[in-house]
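Topology and contacts: notes
Each chain, written out:
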Amino acid sequence: MASPALVSGPSVPDTCSTTGTGNQTSSAEAASFGHSSLQSSNAPPARVAAVRAELSASPLKSSTPRSASVSAALTKGGASSDLLSIVSKARREGTETLYDFRWKKWLSWCTAQNIPPTNPTSMQLANFLAHCSSVLNLSASSVRGYRSAICTTIKQLGGPAFEADFLLREVARGASLKEARNPRRVPLWDLFLVLDFIRKQPFEPLGTIPFDLLTLKTTFLLLLATGRRRSEIHGLSGMPQDLAFHRDGSITLRFLPEFLAKNQDPKVPSPSLRVRPLSDILAQDDEDRHLCPVRCLKYYWDRSRHRRSSQRRLLISLNENYKKDIAAGTISCWVSQVIRRAYSQP
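Residues numbered from 1 in each chain as written. Predicted model: local features only at pLDDT ≥ 70, side-chain atom pairs only at ≥ 80, totals over all residues. Heavy atoms only, no water.

So, about helix α10 (residues 211–226). Helix length check: α10 (16 residues) gives 22 Å between terminal C-alpha atoms against 22 Å at 1.5 Å per residue, within 8%. Summarising burial for α10: 13 of the 16 residues are buried, a large majority. In the stretch just after α10, Gly227 is the one whose phi turns positive, near 65°. (Helix = DSSP H or I, 4+ residues; strand = E, 2+ residues; numbered from the N terminus. Expected span 1.5 Å × (residues − 1). Buried < 20%, exposed > 50% of the residue type's maximum accessible area, 1.4 Å probe, protein only.)

Take a look at the structure:
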């Protein structure tokens with residue numbers, strides 16, 4: 001085996017929902033607001049887990065205060081139902097979710113500070129962004145994200161325009177430089193240690209292991225084999241017509257029709273994924289054949305079919321009674337579980 005490689009792993013929450021009901025908002029960002037004391041290393045793990053579980057158990061509703069307020073403002077200005085429908089699709093679903101979440105946090109902060117949220121001064125908005133960076137220790141990209149979400153929404157509601165405000169740009173620039181001087185160190189994990197862990201018991205034999213272990217292994221190997229983002233794996237279709245099994249042993253996976261990858265041109269259809277087997281390059285007695293993503297996918301597809309009802313995505317919830325599609329964040333939780341289990345083995 002090649003020498004161990006240390007891989008930068010994503011920051012993951014301590015607890016993960018296995019029912020597929022978690023929202024897609026950054027867990028670190030969510031836990032920061034209203035619970036800034038949790039950033040301290042002295043915070044009890046049980047308290048951290050409880051707060052994060054509470055946050056993940058309360059996903060945003062489809063009709064959020066932000067979207068409702070924007071629709072009301074546009075309607076008051078004479079917008080037709082067709083216009084409202086078009087404007088609601090101006091941003092991708094993930095962006096809308098983040099905008100909703102960040103607008104709610106802005107509303108809460110304004111309420112505590114007795115500030116009008118739809119008509120603040122640039123100084124008040126700059127104070128909020130500085131609070132995000134210095135007190136809540138959010139990343140520079142998150143600070144810029146809050147600026148974009150808040151400024152866009154205020155403008156939609158007929159408030160002042162802050163896009164070119166010098167002070168807000170200075171806050172964003174300062175947060176970036178602060179982060180450059182004090183880089184965030186994400187946990188390092190050994191890829192080969194994890195692969196060695198999942199190619200044997202309790203992740204083998206695939207035909208008899210519990211469905212949750214089969215799901216974890218399939219998800220991990222699929223991400224590794226394709227090199228795709230979490231959102232792209234989440235966007236894979238589980239409809240029978242969107243999977244093709246080829247004579248050479250490979251599998252073609254297609255995306256849901258409405259899926260758009262990050263930075264994908266909406267006018268260009270999503271290309272399909274071709275996953276090839278390891279059997280072509282490995283000997284029959286090679287233990288690494290247990291790491292073949294195609295082998296896992298075939299077992300997963302066969303064992304998941306009787307669990308499916310209205311789910312449209314390839315990966316489904318570990319809870320057999322949960323009949324909705326999982327959230328993208330659930331995939332991150334599954335990967336985190338695999339890594340944690342590998343490091344907790346005797």
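Here the narrative resumes.
Counted according to the given criterion, the structure contains eight aromatic pairs. Plain terms: the ring middles of Trp106 and Phe128 are 5.1 Å apart, the flat faces sit at 75° to each other, and that makes the pair edge-to-face. A residue pair is termed long-range when its members are at least 10 positions apart, and Trp106 in helix α5 (residues 93–113) and Phe128 in helix α6 (residues 122–134) qualify at 22 residues. Since its relative accessible area comes to 0%, Trp106 is described here as buried. An angle of 15° between the planes, with centres 4.9 Å apart, marks the rings of Phe255 and Phe259 as stacked. Like Phe259, Phe255 is buried. A network of ring pairs unites the aromatic residues Trp106, Trp109, Phe128 and Tyr146 as a single cluster. Lying across the ring of Tyr146, Arg102 places its NZ or CZ 5.1 Å from the centre. Note that Arg307 overlies the ring of Phe211, its terminal NZ or CZ placed 4.0 Å from the centroid. (Phe/Tyr/Trp six-rings, centres within 6.5 Å; stacked < 30°, edge-to-face > 60°. Lys NZ or Arg CZ within 6 Å of the ring centre and 35° of its normal.)

Another aspect to go through is the pattern of salt bridges. Side chains bearing opposite charge may pair, as long as their charged atoms lie close to each other. Counted by the stated rule, this structure contains 15 salt bridges. Residues Arg228 and Glu232 are paired through a salt bridge, measuring 2.7 Å at the closest nitrogen-oxygen approach. Counted as one network, the salt bridges with shared partners bring together Asp196, Arg199, Lys200, Glu287 and Asp288. (Salt bridge = Lys/Arg side-chain N within 4 Å of Asp/Glu carboxyl O.)

Here we take up the confidence of the model for the protein chain. Of the residues in the protein chain, 81% have a pLDDT of 70 or more, and the chain-wide mean is 83. Segment residues 1–6: pLDDT under 50, and 13 contacts once partners within four positions in sequence are set aside and those in other chains are kept. (pLDDT = per-residue confidence, 0-100. Contact = heavy atoms within 4.5 Å.)

Let us look at the sheet that holds strand β5 (residues 273–275). Here three strands make up an open sheet; going across it, the order is β3-β4-β5 and the pairing antiparallel. Each edge of the open sheet is held by one strand with a lone partner, namely β3 (243–245) and β5. Ignoring which end each strand starts from, the neighbouring axes of this sheet average 20° apart. Relative to the sheet, helix α12 (residues 293–304) contacts β3, β4 (251–253) and β5, its axis offset from that of β4 by approximately 70°. (Pairing = 2+ DSSP bridges. Axes fitted to C-alpha atoms, helices over the stretch in contact; angles between N-to-C directions.)

Moving on: the side chain of Thr215. On the secondary structure map, Thr215 appears in helix α10. Dropping the residues within four chain positions of it, Thr215 is found in contact with Tyr300, Leu318 and Trp334.

Glancing now at the packing of α10 against helix α13 (residues 328–344). Axis separation between α10 and α13 bottoms out at 9 Å; the angle between their running directions is 100°. Viewed along their axes, α10 and α13 adopt a mutual orientation that is roughly perpendicular. Residues Asp212, Leu213, Thr215, Leu216, Thr219, Phe220 and Leu223 of α10 lie in contact with α13, whose contacting residues are Ile331, Trp334, Val335, Gln337, Val338, Ile339 and Arg341. Across the contact of α10 with α13, the residue classes tally to nine nonpolar, three polar and two charged. (Parallel < 35°, antiparallel > 145°, perpendicular 65-115°, else oblique. Nonpolar A, V, L, I, M, F, W, Y, C, P; charged D, E, K, R; others polar.)

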